[in-house]
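Letter by letter, the chains look like this.
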Amino acid sequence: MAVDGGPELVQLLTPEGVLVEHPDVALVLTDEQWRERYELLVMVRRLDAEATALQRHGELGLWAPCQGQEAAQVGAALATRPTERIFPTYREHGMAYVRGVDPVTLLGLFRGTTLGGWDPADHGFNLYTIVIGDQTLHAVGYAMGAQRDGAHEGVLVCFGDGASSQGDVAEAFVYAAVNDAPVVFFCQNNQWAISEPLERQTRIPLFKRAAGYGFPGVRVDGNDVLAVEAVVSAALERARAGGGPTLVEAFTYRMGAHTTSDDPTRYRTTAEGEAWRLKDPIERVRAHIVRSGIADAAWLAEVEGRAEQLGEHMRTACRAMPDPTPTSMFDQVYAEDHPVMDRERAWLTSYLAGFTDAPHHAGAGGGQ
Amino acid sequence: MAVDGGPELVQLLTPEGVLVEHPDVALVLTDEQWRERYELLVMVRRLDAEATALQRHGELGLWAPCQGQEAAQVGAALATRPTERIFPTYREHGMAYVRGVDPVTLLGLFRGTTLGGWDPADHGFNLYTIVIGDQTLHAVGYAMGAQRDGAHEGVLVCFGDGASSQGDVAEAFVYAAVNDAPVVFFCQNNQWAISEPLERQTRIPLFKRAAGYGFPGVRVDGNDVLAVEAVVSAALERARAGGGPTLVEAFTYRMGAHTTSDDPTRYRTTAEGEAWRLKDPIERVRAHIVRSGIADAAWLAEVEGRAEQLGEHMRTACRAMPDPTPTSMFDQVYAEDHPVMDRERAWLTSYLAGFTDAPHHAGAGGGQ
Amino acid sequence: MRRTTRVPAGGSDMAVLTMARAITTGLAMAMREDPKVLVMGEDVGRLGGVFRVTDGLQAEFGEERVIDTPLAESGIIGTAVGLAMRGYAPVCEIQFDGFIFPAFDQITTQVARLHLRSAGTLAMRIVIRVPNGGGIGAVEHHSESPEAYFAHTPGLRIVTPSSPGDAFTMIRQAIVHPDPVLFLEPKRRYWEKAEVDVDAPLPPMADLFRARVVRRGSDATLLCWGPMVRTCLEAAEADTRDLEVIDARSLAPLDLPTIVESVTRTGRLLVVHEAPVTGGLGAEVAASVTEACFYQLEAPVLRVGGFSVPYPPARLEDLYLPDLDRVLEAVDRAMAY
Amino acid sequence: MRRTTRVPAGGSDMAVLTMARAITTGLAMAMREDPKVLVMGEDVGRLGGVFRVTDGLQAEFGEERVIDTPLAESGIIGTAVGLAMRGYAPVCEIQFDGFIFPAFDQITTQVARLHLRSAGTLAMRIVIRVPNGGGIGAVEHHSESPEAYFAHTPGLRIVTPSSPGDAFTMIRQAIVHPDPVLFLEPKRRYWEKAEVDVDAPLPPMADLFRARVVRRGSDATLLCWGPMVRTCLEAAEADTRDLEVIDARSLAPLDLPTIVESVTRTGRLLVVHEAPVTGGLGAEVAASVTEACFYQLEAPVLRVGGFSVPYPPARLEDLYLPDLDRVLEAVDRAMAY
Ligand SMILES: Cc1ncc(C[n+]2csc(CCOP(=O)(O)OP(=O)(O)O)c2C)c(N)n1
Ligand SMILES: Cc1ncc(C[n+]2csc(CCOP(=O)(O)OP(=O)(O)O)c2C)c(N)n1
Ligand SMILES: [Mg+2]
Ligand SMILES: [Mg+2]
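Not measured: the values here are computed from a predicted model.

## Quick notes on the site of ligand 2
- For ligand 2, the set of nearby residues contains 20 residues, the closest of which are Tyr90, Arg91, Ile130 and Gly162 of chain B together with Glu73 of chain C.
- The residues that come close to ligand 2 belong to more than one chain, namely chains B and C.
- Contact between ligand 2 and Ala163 of chain B: an oxygen atom at 2.9 Å from a main-chain N or O atom of the residue.
- Here an oxygen atom of ligand 2 and a side-chain polar atom of His258 of chain B are 3.4 Å apart.

## Things to note about the site of ligand 1
- Of all residues adjacent to ligand 1, which total 20 residues, the nearest are Tyr90, Arg91, Ile130 and Gly162 of chain A together with Glu73 of chain D.
- Bordering ligand 1 are residues originating from chains A and D.
- In this structure, an oxygen atom belonging to ligand 1 sits 2.8 Å away from a main-chain N or O atom of Gly162 of chain A.
- Here Glu73 of chain D contributes a side-chain N or O atom positioned 2.5 Å from a nitrogen atom of ligand 1.
- Protein burial of ligand 1: of its 580 Å² of free accessible surface, 95% is covered by the chains.

## Observations regarding the packing of aromatic side chains
- All told, the structure shown has 73 aromatic pairs over all chains when counted by the stated rule.
- Summarising the aromatic geometry, the rings of Phe251 of chain A and Trp276 of chain A are spaced 5.7 Å apart at their centres and angled 40° between planes, so their arrangement reads as tilted. One end of the pair, Phe251 of chain A, is in strand S7 (residues 246–251); the other, Trp276 of chain A, is in helix H9 (residues 270–277), and 25 residues separate them in sequence. Accessibility classification places Phe251 of chain A together with Trp276 of chain A in one group, the buried group.
- Across the ring face of Tyr88 of chain C, the terminal group of Lys36 of chain C is positioned such that the distance to the ring centre comes to 4.4 Å.
- Its guanidinium or amino end placed over the ring of Phe209 of chain D, Arg157 of chain D lies 4.6 Å from that ring's centre, counting from NZ or CZ.

## Considering the coordination of the magnesium ion (ligand 4)
Residues and elements named next belong to chain B.
- Protein-derived ligands of the magnesium ion (ligand 4) are Asp161 (OD), Asn190 (OD1) and Trp192 (O), with the metal-ligand distances lying across 2.1 Å.
- Mapping the donors of the magnesium ion (ligand 4) onto the primary sequence yields the spacing D-x28-N-x1-W. Here Asn190 lies in the loop between strand S3 (183–189) and strand S4 (192–193) and Asp161 lies in the loop between strand S2 (155–160) and helix H7 (167–179), a separation of 29 residues in the sequence. The burial state of Asp161 is the same as that of Asn190; both residues are buried.

## Section: the interface of chain A and chain D
- The interface is formed by 52 residues belonging to chain A together with 49 residues belonging to chain D.
- Interface of chain A and chain D: buried area, both sides summed, is about 4400 Å²; carbon and sulfur atoms make up 59% of it.
- For Asp323 of chain A, the salt bridge is made with Arg315 of chain D, and the minimal N-O distance between the two is 3.4 Å.
- Linking chain A with chain D are 14 residue pairs in polar contact (both at pLDDT 80 or more), by the criterion used here.
- When residues of the side of chain A that touches chain D are assigned to their parent elements, the largest contribution, seven residues, is made by helix H12 (residues 339–353) of chain A.
- In the side of chain A that touches chain D, the residues fall into 25 nonpolar, 18 polar and nine charged.

## Side note on helix H1 (residues 19–33) of chain D
- Given a rise of 1.5 Å per residue, 15 residues ought to cover 21 Å, and the 21 Å separating the end C-alpha atoms of H1 of chain D matches this to within 8%.
- When you tally the buried positions in H1 of chain D, you get 13 out of 15 residues, the bulk of the element.

## Quick word on the coordination of the magnesium ion (ligand 3)
Residues and elements named next belong to chain A.
- Binding of the magnesium ion (ligand 3) to the protein goes through Asp161 (OD), Asn190 (OD1) and Trp192 (O), at separations of 2.1 Å.
- Mapped onto the sequence, the donors of the magnesium ion (ligand 3) take the spacing D-x28-N-x1-W. One end of the pair, Asp161, is in the loop between strand S2 (155–160) and helix H7 (167–179); the other, Trp192, is in strand S4 (residues 192–193), with 31 residues separating them in the sequence.
- For Asp161, a relative accessible area of 1% gives the class buried.
- Note on Trp192: relative accessible area 2%, which makes it buried.

Rules used throughout
Residues numbered from 1 in each chain as written. Chains lettered and ligands numbered in written order. Predicted model: local features only at pLDDT ≥ 70, side-chain atom pairs only at ≥ 80, totals over all residues. Heavy atoms only, no water. Near = heavy atom within 4 Å. Polar contact = N/O pair within 3.5 Å; in protein donor to acceptor, adjacent residues only side chain to side chain. Areas by Shrake-Rupley, 256 points an atom, 1.4 Å probe, with all protein chains shown as cover. Phe/Tyr/Trp six-rings, centres within 6.5 Å; stacked < 30°, edge-to-face > 60°. Helix = DSSP H or I, 4+ residues; strand = E, 2+ residues; numbered from the N terminus. Buried < 20%, exposed > 50% of the residue type's maximum accessible area, 1.4 Å probe, protein only. Lys NZ or Arg CZ within 6 Å of the ring centre and 35° of its normal. Donors = N, O, S within 2.8 Å, 3.2 Å for Na, K, Ca; no water. Contact = heavy atoms within 4.5 Å. Buried area = accessible area lost by both parts, 1.4 Å probe. Salt bridge = Lys/Arg side-chain N within 4 Å of Asp/Glu carboxyl O. Nonpolar A, V, L, I, M, F, W, Y, C, P; charged D, E, K, R; others polar. Expected span 1.5 Å × (residues − 1).

Here's what the structure looks like:
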């Protein structure tokens, strides 16, 4: 199982928190920016832990944790402009957070009260996509639209190492390449697709896939928020300038289970997890900002306090989320009137009215 | 529009019929083998012309000509062992011929009397596949079966430049790569997918696609029967030895229409056709064997005579092909009894029996 | 096969157009009216499509609006989704009915659902044009009738014209409609001609989903659509019984009131389609109408369709497809109850 | 969640098994009996599948026979086709019903047709296992009931068990059968237990396609399958009317004689399924049975199913899915005719 990203890995901040130079890639942050990044990473980890806990307490049917991938998500999202659209999978809680999406919005899907339910235009953050790979084509189409609008906008689309095997992702590469679409394919290679290690999807590093389609591929240390931001920024800049697509492989690790329904002890070793724990994306930033005096203990404690508030907010708001009304399931299937919706809505309304007590439907059960 | 295959093109016999050396690839043929190849090329061209003529005379609903691609098809098929399976598209008439499939067998599909109708085991030649790209996965699965059987067999699968964009073909690359499947992906880049030039499918040469999946890709002069045989032989040898897949891009040209329903004058220039005519796959072999004394005029005339006989055979046999019986459409949908087939077969039989004269169904019309 | 490059603009009231040309004309009009409308698919540009339905559009609107896509159907639909998210209105061509299946996932899990998934905030203003059905002597996969798959998929609308006039109007309505619309074009009727009023204003949108009684009758109702409308009209003309013929026009939603009203008068219903009968859309019609008209029906709803086998080789297609005789044989059976 | 690695071999007569374990046991038995049988899919190997249905198989049969495939469903089915051509009998797992659509093209245009296309020379001995239906509180795409799509596709067979015993027998029969079989596993019943005779000889193949009357009754017939069998049995038990319950077991082909015989006795039929009613398999049953029993039916065949919307968020699924009350409300309506 791969732990080492190999010689092509772009890294700017080592696991020990030491800044290193790279011949092609550079990014210098102000102290304020360093603190901002640290705080984002901490908040995202907290968000994720809180949602996991909410699932354990039966408030959510499922959660897909992003622990370990915070730097990849925060760094990539920070590289985008707020007007640029992000196309997530189902695990991009960190990106959502950077974009200002209230984490509670995400919970609806996992609680079973919505199928997503947010407006992508609100924060330039597209809906979660569960069918693996589908969103890569959407992103390319969206980018083709941006080209037609004459907008110098980039588009960021996420997918996983497992997703790299899907035909739709390959078609997205083809469409992006022949159209010079301004899209950055951001693959979080977290080493696992549920129980399948990377070796079941490819025999060579994933970033090399791009070369077969005629556009650049880069492997970046996905646990290095600085390097990710730098690499994705450069790729987006290229896209905006008409240079076409780039594939960025963020080499990272899914520290937790695939979802709260999964039991990773069945298929991977704790030694692997230990090795990756040493590359933690947050620890290295803390080491750097503490060592270089950018942050002190008091400020770190403040951040912890804000993280605690976020957790509190999520708990309260999650528990308060109302169940959808029964007939809401008919309301937005079509944009315009539809006789079948009218007929079934009317039937359900009168059917439910026929019960003296509530019909015997319980809440959400398990799930995968 | 590409006419020149570029520096990576493997060529052993120039358009002028001159043998040239290549640093990595070599193949020496006996005089007998040269004559055999020449004759095959001539026969395939004749077969194709005959079928085209049969379509014009209303005997076939459609034909997909392979003119211009004879060397690619003959060379690749000759590189296989007879026990090795070939997975064609719908245009591999040349491969079928090399494998000993009676051309008349192929005609059924285009005449509208069968949906294919041959047994792939008979000549190790799989059924024509019309849905673009699907057969590439079949070939990989078949090759995985060969691995499980411990057979040191290669598999040859054909697809076109257009097909390279299909998700299934990319998935076939993934499955082949991670399984080291003994398969040779043989892409006949004939520069066109109906009316779309190669540029609509890729921005870089197609053989480079393989590198993105971690296996070798080679571009060979598809109009050079010697080079194609040499390159495909090497790739198959590698596959048999457990070296995994190879992508071979045969750089060639569709001299005719996409099918007899197509009108290429709508989308390509005659100048392009002229340029390619100078690279004709048969002319160069004739030039070589005549110049080097391998064949004389009398023998060439004999070959023409045999080609004429083939044409005659096709004409006669095609016209004699019976229409399928009405209830045959129910007979092989399932391998075992099926009540719906029984019911519908019985209904149709009694329905037809109710007519005093033949029911008014005509023969096949047009088609694409 | 060459035609002039420029698609006729409005100006003359009536034009005699083939169904193919009527669709071209409707597409051109929609593109002129709304710069967000795009046309995309395999060979739709320079070639004008294998049926020439998009002929002349690239010359008029350029390569940015009439896009020759790579050969990948999931890609056509998937990128159309993204274009729709960006405010465009892509009209996708799937070259033949049998090639829609690689895009099945994008259509059923994305196109059909994104409006709902986004709580009504995303418009999936996508039209998927599909030359549909058999009868042209083609090879396998070129003669399918996949409407039942999509009619069972909530979130999609399906319409299909049977005449040049309807084709011209319906394609324009489908493009304006905010929901995704599958637009099935009966390919064997592409070359049939009729007068089309190319200047008529666009009818109200609700008309797009209305069935039309194309022939009045009192003994039995024939419900059909697309290619089968002409077949049923010919059967009705040839028969001594007084047969009503309804062109469904919209397959999702079905215009049940119009059908039920007819069945209430005639007492007998036959549904005629090209797709295999088993699990076909005729079953839905039969089930719904029987529920609505249980006491009015004097015979069970009978289905006349393709046999429950893959579309056969071309030499058998005239036996496979419902024709005048098959329709009338079923009428005989219905009348015998 | 850990279980022992080795799957119970025969030996003891009766074992109490969950449905999931019954399928595992049947798979293991089939693999022991025939070395050509392979298992393939996402996470089926080391993990034993997300529902643990293939748990222990890779440990017993190795990685060559229990294959963790790349994450690509079209690839799973497409390579299975090739393996079948080579004489293997792949049992493919599609991880959830909602993820079968990327493989729709390979299933409908290849798996379903290659036997026919090859004039009967190729056997497509492929089983496609799909955890099916809703009721487990899952997120989108994990609760679909796509059977109607496949029942409309000639060349496929579809079976679905409703009990551990049937699951054990039917998976083995499906694997032996030379035709491609879609094997739908009612996922919300995976954990229900029953005694299974793991030593019983395999019943005749024809049994696989036979419906079973699971409860005799005289007032009305409830036809159901998979997850709805238990629901219908509970409804019948709870009700004062004498309801017959039939487990369809085979959805393609449908065992019409058994259903017709029942309806001839009861005069009323309700079809209960989870899929959306519009265009669902209930329509096919209604149309066929009405044609066969026109004079016997005292009420129209009524369909009880999912609403005609995408499967809703989990908090609404108990309202979306037919339950005891919904079934009995429909019985009320049927009895009122
Ligand atoms: C088409 C499809 N097939 C299967 C699944 C089930 N599934 C959900 S996540 C997953 C693994 C995804 O792996 P990867 O792409 O590496 O992303 P990660 O979960 O590691 O972030 C699978 C198989 C799915 N959602 N969609
Ligand atoms: C899935 C699918 N989409 C579209 C078609 C229609 N079609 C038939 S051949 C063809 C072009 C194929 O081009 P290429 O792969 O280059 O092969 P060539 O015909 O040049 O040999 C197209 C689009 C098809 N058969 N299958
Ligand atoms: Mg992963
Ligand atoms: Mg080509």
